[in-house]
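As a plain string of letters, each chain reads:
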Amino acid sequence: MKIVGQGTIHRGQVGTNRAVATFPMVSILNNGQLLAAYKVGPNKDSEKANIELRWSSDLGETWTEAITPFSSTLDGKFGSLWEAFPIQLSSGRLVVTAMWADRQSFPGQPLFHPETEGLLPMKILLAESYDDGHAWSPWQIVPTPESLGPPSLTSPLLELPSGNWALSIETNKPYLDSSKWYQRVDYLYSSDHGKTWGTPHTVSQDPTGQMYNWDQRAGVMPDGKIVTFTWYYDSHSGTYKNIQRRISEDEGLTWTAPEDLGIKDQASIPAILSDGRIVLAWVDRFDTQTIRARMSTTTDSSFLAETEIILYDHKEAMEKIPLKGDSTAELLSVSEMLCWTYGLPFATTLPNGEVMVVYYSGSTESMGIDWVRLSCE
């Protein structure tokens with residue numbers, strides 16, 4: 001792989017409500033345009049956070065001005081949008097799934113409770129657009145049982161070979177719940193294109209509650225297999241483990257045993273090429289402070305070191321543009337994740353066969369959204 005282009009989608013504007021941008025993604029529309037979505041706010045955890053959208057017609061070289069088409073008020077309750085994943089399905093429908101945080105029930109409080117590790121009340125939302133994402137239908141709330149707690153959305157909607165839809169949901173504890181956290185990942189399935197959703201099906205969990213399956217990223221292969229990449233956290237030792245890969249041949253009902261990929265820590269959404277190759281980006285936050293990528297030749301083959309490429313070097317970036325308030329220390333608690341100033345890579349296969357990886361980077365005062373385009377020949 002080699003870098004064939006790179007640039008910026010959004011540059012943080014210090015001291016404004018658009019100072020800090022995170023949770024980026026890029027989707028491919030049927031008209032060939034790229035649609036980028038990301039969260040903006042005055043800081044990483046703000047009740048003023050909202051989702052911006054931009055379009056590119058030249059593989060990311062230029063982008064339109066941003067729009068904010070989504071309401072952050074839900075059923076009359078004030079909240080903030082934490083992330084959104086718009087994707088165009090094989091039917092041509094453009095749908096977005098999003099995660100909404102209730103900012104009214106616990107006024108002025110952070111998303112994560114610093115002592116209980118509980119989460120503010122959350123909702124998973126769905127909407128549809130008929131004009132390539134400029135206007136959207138009203139939010140539809142995806143029903144989730146209380147057993148999931150405040151649900152986190154960890155991947156875009158999965159369109160399965162059967163025609164079913166699947167949502168990957170990470171469970172959390174209610175905000176004031178100080179009990180032990182038995183974290184897991186469940187799938188919700190819809191057989192009627194999002195009108196109704198079935199009961200949750202657990203796809204990843206440590207029954208002892210020691211290992212957390214954080215930010216599990218999923219993709220559907222050309223042969224219909226689902227492949228996931230999970231960020232593993234050992235809650236007993238307070239350390240991050242290597243990324244684990246699992247594969248399902250039956251749309252998520254059963255899975256292979258976790259496979260240690262030998263790289264850590266936070267995986268991207270994988271870019272899946274038409275020939276079955278996978279490009280996986282990840283954040284090496286504690287060793288080299290970089291964002292890197294490797295490629296595999298099949299669903300279950302190794303991500304060989306000789307394919308590795310550095311997409312972003314945080315130390316180098318900070319030397320070029322020294323900014324106050326940057327945090328590069330080893331941070332081990334859930335609440336301290338809000339201090340990280342680069343990460344969340346998202347990989348997408350482009351119409352020309354290249355791969356685009358988007359990520360956020362900067363300092364605590366200003367974070368932007370950047371992209372790198374890769375040739376996979």
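Only a predicted model underlies this, so the values are computations on that prediction, with no experimental measurement involved.

Definitions and limits used
- Residues numbered from 1 in each chain as written.
- Predicted model: local features only at pLDDT ≥ 70, side-chain atom pairs only at ≥ 80, totals over all residues.
- Heavy atoms only, no water.
- Buried < 20%, exposed > 50% of the residue type's maximum accessible area, 1.4 Å probe, protein only.
- Helix = DSSP H or I, 4+ residues; strand = E, 2+ residues; numbered from the N terminus.
- Pairing = 2+ DSSP bridges.
- 1 Å grid on protein atoms, 1.4 Å probe; cavity = no way out; pocket = protein on both sides within 12 Å on 5 of 7 lines; lining within 4 Å.
- Points joined across faces, edges and corners; volume = space filled by probe spheres on them.
- Nonpolar A, V, L, I, M, F, W, Y, C, P; charged D, E, K, R; others polar.
- Core = buried A, V, L, I, M, F, W, Y, C linked by side-chain atoms within 4.5 Å.
- Contact = heavy atoms within 4.5 Å.
- Salt bridge = Lys/Arg side-chain N within 4 Å of Asp/Glu carboxyl O.
- Phe/Tyr/Trp six-rings, centres within 6.5 Å; stacked < 30°, edge-to-face > 60°.

Trainee: How would you summarise the pairing of strand β8 (residues 122–129) if you had to cite specific residues and measurements?
Mentor: In terms of residue burial, β8 counts as a mostly covered element, since 7 of its 8 residues are buried. Pairing between β8 and strand β9 (residues 140–142): 3 bridges, direction antiparallel. Its bridge partner being in β9, I124 is matched across the sheet by V142.

Trainee: Would you mind going over empty space enclosed by the protein in detail, with residue names and values included?
Mentor: Applying the stated criterion across every chain yields a total of 3 cavities of 30 Å³ or more. Here the second largest cavity defines a volume of roughly 90 Å³. Looking at the second largest cavity, the residues that line it are F23, P24, E83, F85, R217, I269, L344, P345 and F346. Only β2 (20–28), β6 (77–88) and β25 (342–349) provide two or more residues apiece to the lining of the second largest cavity. Residue contributions to the lining of the second largest cavity peak at 3 residues, all from β25. Considering only residue class, the lining of the second largest cavity consists of 7 nonpolar, no polar and 2 charged.

Trainee: Report on the nonpolar core, specifying residues and quantitative values.
Mentor: The biggest cluster of nonpolar side chains holds 71 residues, and the ones touching the most others in it are I9, W139 and L167. For this core, the element with the highest residue contribution is strand β7 (residues 94–102), accounting for 7 residues. Residue contacts for W139: discarding those within four places in its chain leaves F70, S71, L74, L81, V96, A98, L125, L126 and A127. Counting residues in hydrophobic clusters, the runner-up holds 20 residues, among them I309, L311, M318 and V372.

Trainee: Could you give an account of the pattern of salt bridges, naming the residues involved and the relevant values?
Mentor: Where charged atoms of side chains with opposite charge meet at close range, the side chains can pair. Under the defined criterion, the tally for this structure stands at 15 salt bridges. Across the salt bridge formed by K77 and D102, the nearest N and O atoms sit 3.6 Å from each other. Of this pair, K77 sits in strand β6 while D102 sits in strand β7, placing them 25 residues apart in sequence. Here E249 makes a salt bridge to K225, at a shortest N to O gap of 3.8 Å. A residue pair is termed long-range when its members are at least 10 positions apart, and E249 in the loop between β18 (244–248) and β19 (259–260) and K225 in the loop between β15 (211–220) and β16 (226–234) qualify at 24 residues. Note on K225: relative accessible area 24%, which makes it partly exposed.

Trainee: How would you sum up the packing of aromatic side chains? Please name residues and give values.
Mentor: Overall, the coordinates contain 23 aromatic pairs when judged by the stated rule. Ring centres of F229 and F303 lie 5.8 Å apart, and the angle between their planes is 75 degrees; this geometry places the pair in the edge-to-face category. Note that F229 is positioned in strand β16 and F303 in the loop between β23 (290–296) and β24 (309–313), a separation of 74 residues in sequence. For the pair F229 and F303, one class covers both residues: buried. Between F286 and W340, the ring centres sit 6.0 Å apart and the planes meet at 65 degrees, which makes this aromatic pair edge-to-face. Of this pair, F286 sits in the loop between β22 (278–284) and β23 while W340 sits in the loop between α1 (314–320) and β25, and the two are 54 residues apart along the sequence. Looking at F286, the relative accessible area reads 23%, which means it is partly exposed. With relative accessibility at 4%, the residue W340 sits in the buried group.

Trainee: Explain the pairing of strand β12 (residues 165–170) residue by residue, including any values.
Mentor: Of all 6 residues that make up β12, 6 are buried, and the element is covered over most of its length. Side chains W165, L167 and I169 of β12 all project onto a buried face; the interleaved residues A166, S168 and E170 project onto the opposite face, where all are buried too. The pairing of strand β10 (residues 152–153) with β12 spans 2 bridges and is classified as antiparallel. Each bridged residue has a counterpart across the sheet, and for S152 the counterpart in β12 is E170. Here strand β11 (residues 158–159) pairs with β12 via 2 bridges, running antiparallel. Across the sheet, E159 pairs through a bridge with W165, a residue of β12. When β12 meets strand β13 (residues 184–190), the two strands line up antiparallel, connected through 6 bridges. Opposite W165, over in β13, you have S190 as the bridge partner.

Trainee: Lay out the sheet that holds β9 in plain terms, naming residues and giving numbers.
Mentor: Strand order in the open sheet formed by 5 strands is β5-β6-β7-β8-β9, and the pairing between neighbours is antiparallel. The sheet terminates laterally at β5 (73–74) and β9, the two strands that pair on one side only.

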